[in-house]
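# Coordinate inspection notes
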Amino acid sequence: MALTTLVTNPTPLVKQVVMSLQQMIGENRDFSLAMLVPSETGLSDRWNLVLSAPWIDRGGLNATIPAITTVLLKHLTRDNAHKLERVSVLPTSDTLVATLEALQIPLGEIRLLQHFPRAEGAIVLVSERPEATKGYRSQPLTTRA
């Protein structure tokens, strides 16, 4: 299992991405996973934002990626926006999502992943089952008028 270290002094980029996530969660768009993964290009301050959420699964990429990037751009400075290479989405059924959900990291408790080859050095912003899927099931209400 991966080791995590609490990040006590997050960078401005991390803080701004967290603000974006807070806005989306406030709009009933909970996340199963949100993390910043170091760029594969090897550049030291370039990141990929990896997200997973039931509402993304339901809405599809064409509808949800523009909504996500719109919120991100409201919170990111120009310099920090340039540090994000891409926004990637994983289905909630992906094994990586399930593995990291087990860490139960709520938004605001930022963790650095260590000794985890699939995402070494990633900064985990959220990894938990969204509230909407934690046993709450909406049921249709039928009334007689």
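Preceding this paragraph is the structure being described.
In short, a report on the structure.

Moving on, we come to the overall build of the protein chain. A count of helical and extended segments in the protein chain gives five helices and six strands. Its helices and strands in sequence order give the protein chain the pattern β-α-β-β-α-α-α-β-α-β-β, from N to C terminus. Long-range pairs, those at least 24 residues apart, make up 64% of the contacts in the protein chain with a sequence separation of at least 6. Surface exposure of the protein chain reaches about 8500 Å², of which carbon and sulfur atoms provide 53%.

Another aspect to go through is the pairing of strand β3 (residues 47–52). With six of its six residues buried, β3 lies for the most part within the structure. Residues W47, L49 and L51 of β3 are buried on one face, and the alternating residues N48, V50 and S52, pointing to the opposite face, are buried as well. Where strand β2 (residues 33–38) meets β3, six bridges bridge the pair, whose relative direction is antiparallel. Its bridge partner being in β3, L36 is matched across the sheet by L49. Where β3 lies against strand β4 (residues 84–89), five bridges are found, and the strand directions are parallel. Pairing of L49 across the sheet is with V87, part of β4.

Let us look at the side chain of S32. Tracing the chain through its elements places S32 in the loop between α1 (12–26) and β2. S32 sits in the buried class, given a relative accessible area of 2%. Those residues in contact with S32, other than ones at most four positions away along the chain, are S52, A53, P54, T92, V97, E101, V126, S127, E128 and P130.

What follows covers the nonpolar core. Counting residues in hydrophobic clusters, the biggest one holds 24 residues, and the most contacted among them are V17, L21, F31, L36, L51, L84 and L125. The element best represented in this core is α1, accounting for six residues. With near-sequence residues (within four places) excluded, L125 lies in contact with V14, V17, V18, L21, A34, M35, L36, I105, P106, L107, G108 and I110. Residues V97, I105, A119 and V124 belong to the second largest nonpolar core, which totals 13 residues.

The next thing to look at is the pairing of strand β6 (residues 123–127). Counting buried positions over the five residues of β6 gives five, a clear majority of the element. Of the strand pairs in this sheet, β2 and β6 are connected by four bridges, and their pairing is antiparallel. Directly across from A34, in β6, lies its bridge partner V126. The pairing of strand β5 (residues 111–114) with β6 spans two bridges and is classified as antiparallel. Among the inter-strand pairings, R111 is bridged to a residue of β6, identified as V124.

Quick look at the packing of aromatic side chains now. Throughout the structure, instances matching the rule amount to one aromatic pair. Seen in terms of ring centroids, F31 and W55 are 5.7 Å apart; in terms of plane orientation they differ by 75°. Their pairing is edge-to-face. Here F31, found in the loop between α1 and β2, pairs with W55, found in helix α2 (residues 54–59); they are 24 residues apart in sequence, far enough to count as distant. We note that F31, like W55, is buried. A cation sits over an aromatic face here: R29 above W55, 5.2 Å from the ring centre.

What counts and what doesn't
- Residues numbered from 1 in each chain as written.
- Predicted model: local features only at pLDDT ≥ 70, side-chain atom pairs only at ≥ 80, totals over all residues.
- Heavy atoms only, no water.
- Helix = DSSP H or I, 4+ residues; strand = E, 2+ residues; numbered from the N terminus.
- Contact = heavy atoms within 4.5 Å.
- Areas by Shrake-Rupley, 256 points an atom, 1.4 Å probe, with all protein chains shown as cover.
- Buried < 20%, exposed > 50% of the residue type's maximum accessible area, 1.4 Å probe, protein only.
- Pairing = 2+ DSSP bridges.
- Core = buried A, V, L, I, M, F, W, Y, C linked by side-chain atoms within 4.5 Å.
- Phe/Tyr/Trp six-rings, centres within 6.5 Å; stacked < 30°, edge-to-face > 60°.
- Lys NZ or Arg CZ within 6 Å of the ring centre and 35° of its normal.

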